[in-house]
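# Summary of the model geometry
Spelled out, the chains give:
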Amino acid sequence: MATKTIARPTTPVASVEAAQDPADLLENTLTQLEALLWVCHGEEIDWCSGDGPRQLNNLLWLAAEMARKAGELFQVNEKARRGAPEAGG
């Protein structure tokens, strides 16, 4: 069976999603979702062999990507909050 080719950004860049092909974004999301569901199933998972290490890697990729996006959203929120006029004054 052939291994999957996963399109991942090679370097951290702001707004990577905007520059990526929609097919790559879809493949990334489906790969991450598969890993999340695989972990949620949970019983008898061998993290050291078989599909375990690949799925764990994809799950960690999902968590890292979510943390990066949350950080970007926090920065956008802080800029908007600082630029907004004070309420009631």
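Now for a description of the structure that goes with this document.

## Points about the overall build of the protein chain
- Broken down by element type, the protein chain carries three helices and zero strands.
- A separation of at least 24 residues holds for 43% of the contacts in the protein chain among residues at least 6 apart in sequence.
- Accessible area for the protein chain stands at about 7,000 Å²; split by element, carbon and sulfur atoms hold 63% of it.

## Quick word on helix α2 (residues 22–41)
- For α2, which comprises 20 residues, the first-to-last C-alpha distance of 28 Å matches the rise-based estimate of 28 Å (1.5 Å per residue) to within 8%.
- Turning to α2, its buried residues are Asn28, Thr31, Gln32 and Ala35. For α2, the buried positions fall inside an angular range of 90° around the axis, keeping them on one side. Residues Pro22, Leu26, Leu37, Cys40 and His41 are exposed on α2 and point more than 90 degrees away from its buried face.
- Against α3 (52–83) lie the buried residues of α2.

## Considering the pattern of salt bridges
- Enumeration according to the criterion identifies five salt bridges in this entry.
- Residues Arg54 and Asp51 are paired through a salt bridge, measuring 3.5 Å at the closest nitrogen-oxygen approach.
- What makes Arg54 partly exposed here is its relative accessible area of 34%.
- Across the pair Arg81 and Glu78 runs a salt bridge, and its minimum N-O distance is 2.7 Å.

## A few points about a nonpolar patch on the surface
- Together, Leu26, Leu30, Leu33, Leu36 and Leu37 make up a nonpolar patch on the protein surface, roughly 460 Å² of accessible area in all.
- When you line up the elements, Leu26 lands in helix α2.
- A relative accessible area of 52% means that Leu26 is categorised as exposed.

Rules and cut-offs
Residues numbered from 1 in each chain as written. Predicted model: local features only at pLDDT ≥ 70, side-chain atom pairs only at ≥ 80, totals over all residues. Heavy atoms only, no water. Helix = DSSP H or I, 4+ residues; strand = E, 2+ residues; numbered from the N terminus. Contact = heavy atoms within 4.5 Å. Areas by Shrake-Rupley, 256 points an atom, 1.4 Å probe, with all protein chains shown as cover. Expected span 1.5 Å × (residues − 1). Buried < 20%, exposed > 50% of the residue type's maximum accessible area, 1.4 Å probe, protein only. Arc of directions from axis to C-beta. Salt bridge = Lys/Arg side-chain N within 4 Å of Asp/Glu carboxyl O. Patch = residues over 30% accessible without salt bridge, like charges linked within 9 Å, V, L, I, M, F, W, Y side chains within 5 Å.

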